[in-house]
Amino acid sequence: MSDLFWLTDKEMRRIETYFPHSNGIPRVDDKRALSGTIFVIRNGLRWHDATSDYGPYKTIYNGFDRWSRLGVFNRIFAELSAKSPRPERLMFDATHLKAHRTAASLQKGAVPRCIGRTKGGLNPEHHAVCDDKGRPLIMLLSEGQMSDYKGAALMIDALSGAKAMLGDRGYEADWFRTALIQRGITPCIRRRRAARSGSTTTGPSTASATGSRICSAGSRTGRASSHATTAAPTPS
């Protein structure tokens with residue numbers, strides 16, 4: 001099948017150093033199994049729907065489950081993200097993940113379940129920081145009731161070298177804008193309608209609002225505005 005996904009040899013060489021040792025057990029074809037895992041996840045399929053080109057679907061699932069518990073995928077993501085150059089413009093966003101209806105009845109263990117009450121039931125929320133090309137740099141899983149800007153606040157200390165941050169109205173909060181400006185990051189966040197009509201503040205809040213309008217215009221046109229990197233004051 002031409003639409004099957006396969007990792008290249010170059011990609012495998014970049015991540016194979018993070019694979020766990022086999023401990024004497026004969027390994028399956030890692031390239032085949034990992035390609036099958038990515039194929040299932042990126043297409044939203046059941047494990048049973050994996051084609052035979054990737055081998056038995058139970059082998060693919062068992063490998064994914066075992067490596068997830070060992071933190072292998074987390075290490076790969078963290079190491080590759082750390083090696084990539086930091087972009088000057090970042091994007092924040094969050095979305096709810098649909099949990100299975102039986103997930104809320106699972107017993108609590110050492111690892112928090114990250115399931116909270118939302119309009120759609122008991123679900124987790126996935127927060128992500130991406131570069132200017134939409135590639136994820138930082139990811140966080142939280143309870144579903146956590147607001148977008150509170151989730152972003154947990155990741156803000158990991159931002160370094162960024163000069164602008166794009167976000168929707170879910171990240172509109174004065175204290176969050178102030179935290180970004182103190183780190184030399186221009187908040188490109190569209191203000192809520194009530195805040196825009198009734199705001200009479202001056203100083204940093206007005207400067208951040210002006211920077212937000214400039215960044216919004218630049219993001220709509222696809223060009224980076226020269227003001228986007230200078231509207232925020234440099235940290236003392």
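This structure is a prediction, so every number in the text was calculated from the model and none was measured.

Per the secondary structure count, the protein includes eight helices and six strands. When the helices and strands of the protein are read in sequence order from the N terminus, they spell out α-α-α-α-β-β-β-β-α-β-α-β-α-α. The burial tally for the protein puts 35% of its 236 residues in the buried class. In the protein, the proportion of contacts linking residues at least 24 apart, taken out of those at least 6 apart, comes to 53%. In the structure as shown, the protein presents an accessible area of about 14900 Å², 54% of it carried by carbon and sulfur atoms.

Phe-92, Val-129, Leu-159, Met-165, Tyr-171, Phe-176 and Leu-180 are the most contacted members of the largest nonpolar core, which has 20 residues in total. Taken together, the elements giving at least two residues each to this core come down to strand S1 (89-96), strand S4 (136-143), helix H5 (148-153) and helix H6 (174-182). Among the nonpolar cores identified, the runner-up in size contains nine residues, and Leu-7, Met-12, Leu-34 and Ile-76 belong to it.

Rules used throughout
- Residues numbered from 1 in each chain as written.
- Predicted model: local features only at pLDDT ≥ 70, side-chain atom pairs only at ≥ 80, totals over all residues.
- Heavy atoms only, no water.
- Helix = DSSP H or I, 4+ residues; strand = E, 2+ residues; numbered from the N terminus.
- Buried < 20%, exposed > 50% of the residue type's maximum accessible area, 1.4 Å probe, protein only.
- Contact = heavy atoms within 4.5 Å.
- Areas by Shrake-Rupley, 256 points an atom, 1.4 Å probe, with all protein chains shown as cover.
- Core = buried A, V, L, I, M, F, W, Y, C linked by side-chain atoms within 4.5 Å.

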